[in-house]
Amino acid sequence: MSTLALSKIEEEILTDAQEEAKRRVEEAERDAAAALEKAKAEARREVEEVKAAAQEKIKVLERKKLSEARRNAAITVLKEKNVLVDKAFNEALRRVKDLRGEEVYEKSARHLLEEAIKRIGTGDLKLRASRNDRKLYEDIVKSLNMPAGVSVAVEKESLPAAGSFTLSTADDQINIDNTLEARLDFATRALRKEIAAILFE
Amino acid sequence: MAVEAVKRIRSIEEKAQKIIEEAEVKIVEIRKRSEAEAEKVRVALVEEARQRSEATFKDAEAKINLKVKEVLTEAKGTIAALSEKSSKNMDKAVKRVVSAVLGVAI
């Protein structure tokens, strides 16, 4: 083999190796660029997920806080309404007590007693009046035209009530509680809606 | 001469092999660098998004708190209106209860 031929072979081998090395490096660089793009795409997807999660968290928080606030506000308003309605009933009791000694109070006492007698209908009845109204009921009983078969005795023992009376049969089987407290209690239950409507109309 | 030629060719083949091996080392470095860069980009993007989301969340939370305040203010307004109405109508309501308790009109 001539020296020239040998040199040519040497050159070809080195050139092939360099070309192969260059091809491999370029391929690796292309792969690297592709991998980077892929990583960026994955990162963008992750970013979207992070954003979506944050938006969802915000929605949940808004729903929770607003519904809680609306519920608390509604409860507060309702409580305040109840306070104002209770105030009307408490004021009514105070006003009823203030009416004692006035004509309307006596008219009421007479009316309530007549009505209670009518409801029981017959027999010897026992009336227990509150300490403040005992005298009033004694006078009313004396002046009432009792229906046939009815008698009413005012008991000496007074009721621990703000006013008015209870009426019962001799055997205590029937008892009508017309004390102011009982009537106010009944009114509170029966008229609560109506009073609220009057107050807030 | 033939022996000498074989020796020269073997030597040149070794050089060629070395060129390929150096390229392979470079390729490994390229891959490592690429992986590191990809991870760096991913972390940076996600971290930036996380920080932006946190800021967005804080903004939203402040807006929600304002809305909550509005609800409470509205309730206070409703209560004030109810209180005013009840003051105006209290006498009528009390008279209605008094009548019911006494059993006669007043």
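Residues numbered from 1 in each chain as written. Chains lettered and ligands numbered in written order. Predicted model: local features only at pLDDT ≥ 70, side-chain atom pairs only at ≥ 80, totals over all residues. Heavy atoms only, no water.

S.K.: What should I look at first to understand the overall build of chain A in this one?
M.R.: In terms of regular secondary structure, chain A is built from 4 helices and 4 strands. For chain A, the sequential pattern of α-helices and β-strands runs α-α-β-α-β-β-β-α. In summary, chain A has a C-alpha radius of gyration of 49 Å against a globular reference of 17 Å for 201 residues, an excess of more than 25%. Dimensions along the principal axes, computed over C-alpha positions, put chain A at roughly 160 × 35 × 25 Å. Across the 201 residues of chain A, 35% fall into the buried class. Long-range contacts, defined here as pairs at least 24 residues apart, represent 74% of the contacts in chain A between residues at least 6 apart. When the accessible area of chain A is evaluated, it comes to approximately 12,400 Å², of which 51% is carbon and sulfur surface. Of the charged side chains in chain A, 39 are positive and 40 negative, and the gap between their average positions amounts to 7 Å. (Helix = DSSP H or I, 4+ residues; strand = E, 2+ residues; numbered from the N terminus. Rg over C-alpha atoms; globule rule 2.2 N^0.38 Å. Buried < 20%, exposed > 50% of the residue type's maximum accessible area, 1.4 Å probe, protein only. Contact = heavy atoms within 4.5 Å. Areas by Shrake-Rupley, 256 points an atom, 1.4 Å probe, with all protein chains shown as cover. Lys, Arg positive; Asp, Glu negative; His and termini not counted. Charge placed at Lys NZ, Arg CZ, Asp CG, Glu CD.)

S.K.: Just checking my understanding: could you explain the sheet that holds strand E2 (residues 150-154) of chain A for this structure?
M.R.: Either a parallel or an antiparallel arrangement is found when strands of a sheet pair, and the pairing is made through backbone hydrogen bonds. Residue and element names in this part refer to chain A. With mixed pairing, the 4 strands of this open sheet are ordered in space as E2-E1-E3-E4. On the outer flanks of this sheet lie E2 and strand E4 (175-179), each paired with one strand and no other. Mean inter-strand twist for the sheet, computed between neighbouring axes without regard to direction, equals 20 degrees. For strand E1 (residues 123-129) and strand E3 (residues 164-169), the ladder comprises 5 bridges, and the chain directions are antiparallel. By the bridge assignment for E3, Arg128 is matched with Thr166. This element, helix H2 (residues 103-120), spans E1, E2, E3 and E4 of the sheet and lies at about 15 degrees to E3. Here helix H4 (residues 180-200) sits on the sheet and contacts E3 and E4; the angle it forms with E4, its principal contact strand, is near 90 degrees. (Pairing = 2+ DSSP bridges. Axes fitted to C-alpha atoms, helices over the stretch in contact; angles between N-to-C directions.)

S.K.: Looking at this structure, how should I read the packing of aromatic side chains?
M.R.: Note on aromatic pairs: each is described by the distance of the centres and the angle between the planes. Scanning the model with the defined rule gives 1 aromatic pair over all chains in all. Each ring, one from A:Tyr137 and one from A:Phe165, has its centre 4.9 Å from the other, and the planes form 55 degrees; the classification is tilted. In this pair, A:Tyr137 is assigned in helix H3 (residues 134-143) and A:Phe165 in strand E3, connecting sequence segments 28 residues apart. One exposure class covers both A:Tyr137 and A:Phe165, and it is buried. Directly above the ring of B:Phe57 sits A:Lys57, whose terminal nitrogen or CZ lies 4.4 Å from the centroid. (Phe/Tyr/Trp six-rings, centres within 6.5 Å; stacked < 30°, edge-to-face > 60°. Lys NZ or Arg CZ within 6 Å of the ring centre and 35° of its normal.)

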